[in-house]
Amino acid sequence: MKSFNFHSIKSVKEAQKLASGKSVYLAGGMTTIPAMKHGLASYSDIIDIKNIKDLSGIKVSSKSIRIGAITKHAEVASSKEVRKSISSLALLADGIGDAQVRNRGTIGGSIANNDPTADYPSACLALNATIHTSNRKIHANKFFKDMFETALKKGELIETVEFQIPTKSSYEKFPSPASLYAMVGVYVAKYKSEVIVAVTGAQSVVYRCKEIENALNSNFSASAIDGVKIKSSGLNSDIHASSDYRAHLIKVLAKKAVTGCK
Amino acid sequence: MQRVSLVINGNKVSREIEDRTLLSSLLRDILSLTGTHVGCDTSQCGACVVLVDGKSVKSCTLFAADIDGSKIITIEGLANNGKLHPIQEALKKHHGLQCGFCTPGMVMSVVDLLKNKKNPSDQEIRDWLKGNICRCTGYQNIVAAVKEAASKM
Amino acid sequence: MASLVGSRVERKEDKKFLTGKGRYTADINLANQTYAYFVRSPHARASISKVDVSKASNAPGVVKILTGDDLAEDKIGGLIAGWKIVSQDGTDMKVPAHPPLANNTVNYVGDHVAVVIAETLDQAREAADLVRVDYKVLKAVVKTSDALNSKPIHEGIDKNLCFDWGLGDKSKTDEAFSKAEKIIKIDLVNNRLIPNAMEPRASIGDYNPSSENLTLYTTNQNPHLTRLVLSAFCAIQPEHKFRVVAPDVGGGFGSKIYPYAEDAVIAWTAKKIERPVKWVAERTESFLSDCHGRDHITHAELAVKNDGKIVGLKVETIANLGGYASLFATVTPTYLYGPLVLGLYDIPVAFCNVKAVYTNTTPVDAYRGAGRPEATYMIERLVEKAAKEMGIDRAEFRSKNFISKFPHQQCLVHNIDSGDYSAHLNKALELSDYKNFENRRTESKSKGKLRGIGFSTYLEACGIAPSAVVMSIGAGVGLWESAEIRFNATGNISVFTGTHSHGQGHDTTFAQIVSDKLGVPIENIDLVHGDTDKGPFGMGTYGSRSLAVGGTAITKACDKIIDKGKKVAAHMLEAKPDEIDFKAGEFIVKNSNKKKTIGEIAFACYLPGQYGEIKSPLPEGVEPGLKETAFYDPVNFSFPAGTHICEVEVDQDTGETKVVAYTAVDDFGTVINPMIVEGQVHGGVVQGIGQALYENARYDESGQLITASYMDYTMPRANNLPELRIDYTSTPATSNPLGVKGCGEAGAIAAPPAVMNAVIDAIDIDISMPATSEKVCNALQKNKKNNKEAA
């Protein structure tokens, strides 16, 4: 691993002051550190944001849940508030990687990294999340740009992620048996006004599946998805799965998610 | 360079280390605590699992500087005055180890599981152990050992 | 003292592993140590015009950079293929040079080009980045099926063919087929696997310029053979000045039998720079450079009578050797494969043809089972298919063709001494509740799952032997084993074995044998292995040979101890040696109560004379000391066999396939420690399930390994496995006095066909291993479509 300067800082201001084109914020490091080990990424400065107290914790209101960026997956998974308000979100967190990843990995880290096979980005889209950063608020629809690319600007730091509580919701993942990342994951959330279906693992970036949303908006049932055609063109095709299989899984998982919605 | 102060297996340790030093490297290469193993470079195999402030983590995916001030328990520090932890005893009794390479990480992971769950089911044990790869045992005797350890704690 | 043989004795080696006190190669650090990092080929095939180390040499901390040129200058020899195979046309196999550092050409991604030695590992790695290699990329041959039709990757090796080997009587086989009432055909691919012992390979070289002794610590199953190869063929250091130590080794499964290029380079480099050199593989390097396993393409045909009796078998296999011929690469698809294609069936004639080919992929060598899993996969898939096509129950079809009288001379090679194949089949039928399977199938269907059942009745040949026979068919070494029992004056024992334990629990099993044999408590017995400076030359651990061959050598050495003890005891007890009985640690004069314990005898042997009140003179002509060595060369292989029955459930929507029930009933002959044997079966079966459902080493068209990490190569994990049901039957082996047969590989041999037969039974369409969710899902879609069209 290339050498770098490690900074442990206590405030968002301090973090931003240190940030440069060659720095990275560390919020768990579950993807960043392996990438550095393999020489796929290198930085001059690593800015550890774990000790910024304001970025931690879970706050629930009647309409939304706000989760601090450095909240660990294990904390979200075991949070009574999250389980009560959006149980699917707690279950999603409980299914990320393995126990040790959940003990270190954070929601902010996952979202900022925007791995196309990560789970949290689908929750952000499906649960109408607002990403509160050091500079502004960004709606999830505008946050995930492309593979490992987000709307975050240089030095901009995610502070909290705010999820809108749906009437019911469910997340279904088909993990790659090798890496445990999502081969495909489908998040279905039903609101009074609309149904949102977010898909991860299938394209270069998480996206909303309009075809299934349309079907579910007119008839919220698993059978409504039967008639939907999912095109495989544009879907990922790699060692883990072909685009055809991913297209197939999207439907299968969406149906399962609808059936499992609560 | 960074000064890092930790309490490892009850002993205060303070060292000047390179910023890029991983916890696994601090333990193995600098402190000669070679019971913690490194079996992969993608944070998958779990041979390097230790407890940091009571929680199991993969020490190969953690900068030592990132956990300054923490309390760490490694496989070397688990037995209490020579008395093995129940999972260590149970793995021996149930032949839950063969080559022994994954064992330290497996043990530390199970210690964390048993803190969280008093009487885990087979499936809960198996799900928890997803992050620990064992090539020798087929996991069956490990699962049996975890159940026995749970019943004794 | 109760007998220990046959009991579940807890392992002596466990405590150190459970408390972090194991000592693996990577745990060793020597004073003044340097670190090595290898520059490896990023191309599957290329010629090298220049290796420029000038910039790298000036990088911080660099001690030395060595290339193939330096190796040639020092006249360091190449790695060898240890078993000469002769083709059907009488010509010898063709083997390319395999220098430990490339000499002008590289032949797989990960092939060794240069080694950088530096003060720290980071410095070595950073400097390695600065080594400039001018590659001319050449067209690579990647697929097994392409090799014979491609231009040679090695000069002078036409069609990339190492050998075209035949076993059996071709004309008689053809005749049987011409008369056959029914011919069943099958085409199979045995997928390439990556062994993935959890401990990555490592080597540390340490040269002592004063004594001129070289020590190599390495992750190896076979330290004496490693020393022999590095001395005799690589010419790094004469054997008597060369110590190879394999300390605790974290799993091998075959992948650590043979010396690797890294071992040769590290040993040579340490001597050259006169400082210790340490190399530890990163997992990615393990994926690229540990020898892979399997990788066969096979067409097979079974000739059968209408009543289900098999009358002949034809097998044609292409075996991929990878870029070079590794140490056991040539015997694995021939003598470890060919004779076993008959399974445990009474087949009157057979012919097996194997063409071994070179491709620009990682070398393929022995991996748990080595040849026998490939043979078993072929015959068990074929037999299951035959039973189905002929409408005969799978158990009945098998049992109709079982060998039933022993000894049985098979038509190819083996003379099987003992077995009772109906016994394990019947026990497995009962244990798996075979008769109620259809109820379970219906039950699964009601949950939307397809359930299938598959059988595998296998035969294995372990403990390759005798030496004279194996050497007559090309082996470069004899396959005997050594043991030495050193009784210490204070009554405890050091047992030296030439086998090596890397998870198998020899420290315990072998001590159980010695404890029973000599009547010494197990805690006073210590097994020593893995150090060429300590025990006599041994042949290491592989092919499930350790107990049958090494254990027997120990027994023989114990017998010699008892013989000497009788002489000494007779003298002390004023009797004749033939009047002395030895039982439970005591030498007793027949029909008397006069006796001496074995401890007293040991004491006498070391202190012959008067010591205080103790008088212990030795008889005339008996040398002092109590230490005996035995070398044992078995008269035959041993032949474990068994029945494995697998049930799978397939999710119709996703194709996800899970093993939901697995029964294994094995006949390993005498079982010394049932707990350890159970563990071997569990581990073997799970590796077999891994091959059938998950594992697959894949290359892209250019020869890049695209499954080079745990992110991409699926290892079986705890959460996707069932609880296995294990039981035994026993017909002791007659080829060794212990009656043992070997158990280390059985699971990996039996499981793949059992699982795949179950998958195919569930989905009713033939697919290849591994049965990934996608592959199964596609098969189900295809079936649906076909059914629709048919309707």
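Residues numbered from 1 in each chain as written. Chains lettered and ligands numbered in written order. Predicted model: local features only at pLDDT ≥ 70, side-chain atom pairs only at ≥ 80, totals over all residues. Heavy atoms only, no water.

Draft legend 1. Examining the overall build of chain A more closely. Along the backbone of chain A there are 11 helices and 14 strands. By the compact-globule yardstick of 18 Å for 262 residues, chain A fits well, its C-alpha radius of gyration being 18 Å. Across its three principal directions, the C-alpha atoms of chain A cover 55 × 45 × 30 Å. When each of the 262 residues of chain A is scored for burial, the buried share is 58%. Pairs at least 24 residues apart make up 59% of the contacts formed inside chain A by residues separated by at least 6 positions. Carbon and sulfur atoms make up 48% of the accessible area of chain A, which totals about 10700 Å². Side chains of chain A give 36 positive and 22 negative charges; the mean places of these two sets differ by 4 Å. (Helix = DSSP H or I, 4+ residues; strand = E, 2+ residues; numbered from the N terminus. Rg over C-alpha atoms; globule rule 2.2 N^0.38 Å. Buried < 20%, exposed > 50% of the residue type's maximum accessible area, 1.4 Å probe, protein only. Contact = heavy atoms within 4.5 Å. Areas by Shrake-Rupley, 256 points an atom, 1.4 Å probe, with all protein chains shown as cover. Lys, Arg positive; Asp, Glu negative; His and termini not counted. Charge placed at Lys NZ, Arg CZ, Asp CG, Glu CD.)

Draft legend 2. Broad picture of the interface of chain C and chain B. Contacts between the two partners involve 50 residues from chain C and, on the opposite side, 45 residues from chain B. Buried surface at the junction of chain C and chain B, both sides included, amounts to about 4200 Å², of which 53% is carbon and sulfur. When the area that chain C buries against chain B is broken down by residue, the three leading residues are C:Leu18, C:Met198 and C:Ala718, summing to 18%. Inspection of the region where chain C meets chain B yields 5 salt bridges. Here C:Glu695 and B:Arg135 are joined by a salt bridge, their closest N and O atoms 2.7 Å apart. When residues of the side of chain C that touches chain B are traced back to their parent elements, those giving at least two are helix H1 (14-18), helix H4 (121-128), helix H8 (283-289) and helix H17 (674-694) of chain C. No other element matches the 8 residues that H17(C) contributes to the side of chain C that touches chain B. (Buried area = accessible area lost by both parts, 1.4 Å probe. Salt bridge = Lys/Arg side-chain N within 4 Å of Asp/Glu carboxyl O.)

Draft legend 3. Structural view of the packing of helix H14 (residues 506-518) of chain C against helix H15 (residues 546-572) of chain C. All names here are of chain C. Where H14 meets H15, the axes come as close as 10 Å, and the angle between the chain directions of the two elements is 30°. Classed by the angle they form, the pair H14 and H15 counts as roughly parallel. Crossing of H14 over H15 shows right-handed handedness. Of the residues in H15, those in contact with His506, Thr509, Phe510, Ile513, Val514, Lys517 and Leu518 of H14 are Ser546, Leu547, Gly551, Ile554, Thr555, Cys558, Asp559, Ile561 and Ile562. Partitioned by chemical class, the residues of the contact of H14 with H15 number 9 nonpolar, 5 polar and 2 charged. (Axes fitted to C-alpha atoms, helices over the stretch in contact; angles between N-to-C directions. Parallel < 35°, antiparallel > 145°, perpendicular 65-115°, else oblique. Left-handed = near helix turned anticlockwise from the far one by under 90°. Nonpolar A, V, L, I, M, F, W, Y, C, P; charged D, E, K, R; others polar.)

Draft legend 4. Region of the structure containing the domain arrangement of chain B. All names here are of chain B. As assigned here, chain B comprises domain 1 (2-77) and domain 2 (86-152). Taking the mean C-alpha position of each, domain 1 and domain 2 sit 21 Å from one another. In this complex, domain 1 contributes 18 residues to the contact, which on the side of domain 2 involves 16 residues. With both chains or domains summed, domain 1 and domain 2 bury close to 1200 Å², and 61% of this area falls on carbon and sulfur atoms. (Domains from an automatic or database assignment.)

Draft legend 5. Spotlight on the confidence of the model for chain B. Considering every residue of chain B, the mean pLDDT works out to 97; 100% of them sit at 70 or more. Overall fold confidence (pTM) sits at 0.97, and the ipTM for the predicted complex is 0.98. (pLDDT = per-residue confidence, 0-100.)

Draft legend 6. The arrangement of the sheet that holds strand S5 (residues 64-68) of chain A in detail. Residues and elements named next belong to chain A. One open sheet accounts for 5 strands, arranged S4-S5-S10-S6-S7; its pairing is antiparallel. Strands at the two margins of the open sheet, each flanked by one partner only, are strand S4 (58-60) and strand S7 (137-139). With strand direction ignored, the average angle separating the axes of adjacent strands in the sheet is 20°. (Pairing = 2+ DSSP bridges.)

Draft legend 7. Up close: empty space enclosed by the protein. Residue and element names in this part refer to chain C. All chains considered together, the criterion is met by 8 cavities of 30 Å³ or more. Quantified by volume, the largest cavity comes out at close to 690 Å³. As for the largest cavity, its lining consists of 48 residues, of which Gln504, Thr541, Ser544, Gln680 and Gly744 are closest to the centre. When residues of the lining of the largest cavity are traced back to their parent elements, those giving at least two are H14, H15 and H17. In terms of residue class, the lining of the largest cavity is built from 22 nonpolar, 21 polar and 5 charged. Taken together, 16 residues make up the lining of the second largest cavity; nearest its centre are Leu79, His98, Pro259, Tyr260 and Ser326. For the lining of the second largest cavity, the per-class residue count stands at 12 nonpolar, 4 polar and no charged. Counting contributing residues per domain, the lining of the second largest cavity is built from domain 1 (14-138 + 203-279) and domain 2 (296-464 + 636-790), each supplying no fewer than three. (1 Å grid on protein atoms, 1.4 Å probe; cavity = no way out; pocket = protein on both sides within 12 Å on 5 of 7 lines; lining within 4 Å. Points joined across faces, edges and corners; volume = space filled by probe spheres on them.)

Draft legend 8. How the structure looks around the packing of aromatic side chains. All names here are of chain C. The full count for this structure, using the stated rule, is 24 aromatic pairs over all chains. Ring centres 5.4 Å apart and planes at 75° place the aromatic pair phenylalanine 287 and tyrosine 710 in the edge-to-face group. A residue pair is termed long-range when its members are at least 10 positions apart, and phenylalanine 287 in helix H8 and tyrosine 710 in the loop between H17 and strand S30 (724-729) qualify at 423 residues. For the pair formed by phenylalanine 287 and tyrosine 710, the shared burial category is buried. Their ring planes at 50° and their centres at 6.0 Å tell us that tryptophan 480 and phenylalanine 537 sit as a pair that is tilted. With tryptophan 480 in the loop between helix H13 (467-472) and strand S19 (481-487) and phenylalanine 537 in the loop between strand S21 (525-528) and H15, this residue pair connects regions lying 57 residues apart in the sequence. A relative accessible area of 21% means that tryptophan 480 is categorised as partly exposed. Taken together, Tyr345, Phe402, Phe406 and Tyr421 form an aromatic cluster joined through their ring pairs. Taking the ring centre of phenylalanine 177 as reference, the NZ or CZ of lysine 314 above it sits at 4.6 Å. Positioned above the aromatic ring of phenylalanine 496 is the side chain of arginine 486, whose terminal nitrogen or guanidinium carbon lies 3.8 Å from the ring centre. (Phe/Tyr/Trp six-rings, centres within 6.5 Å; stacked < 30°, edge-to-face > 60°. Lys NZ or Arg CZ within 6 Å of the ring centre and 35° of its normal.)

Draft legend 9. Examining the packing of helix H9 (residues 372-389) of chain C against helix H10 (residues 394-401) of chain C more closely. All names here are of chain C. Where H9 meets H10, the closest approach of the two axes is 9 Å, and the angle between their N-to-C directions is 115°. Judged by the sense of rotation from one axis to the other, the crossing of H9 with H10 is right-handed. Across the interface between the two elements, Glu380, Val383, Glu384, Ala386 and Ala387 from H9 touch Arg394, Phe397 and Arg398 from H10. Among the residues making up the contact of H9 with H10, the classes are represented as 4 nonpolar, no polar and 4 charged.

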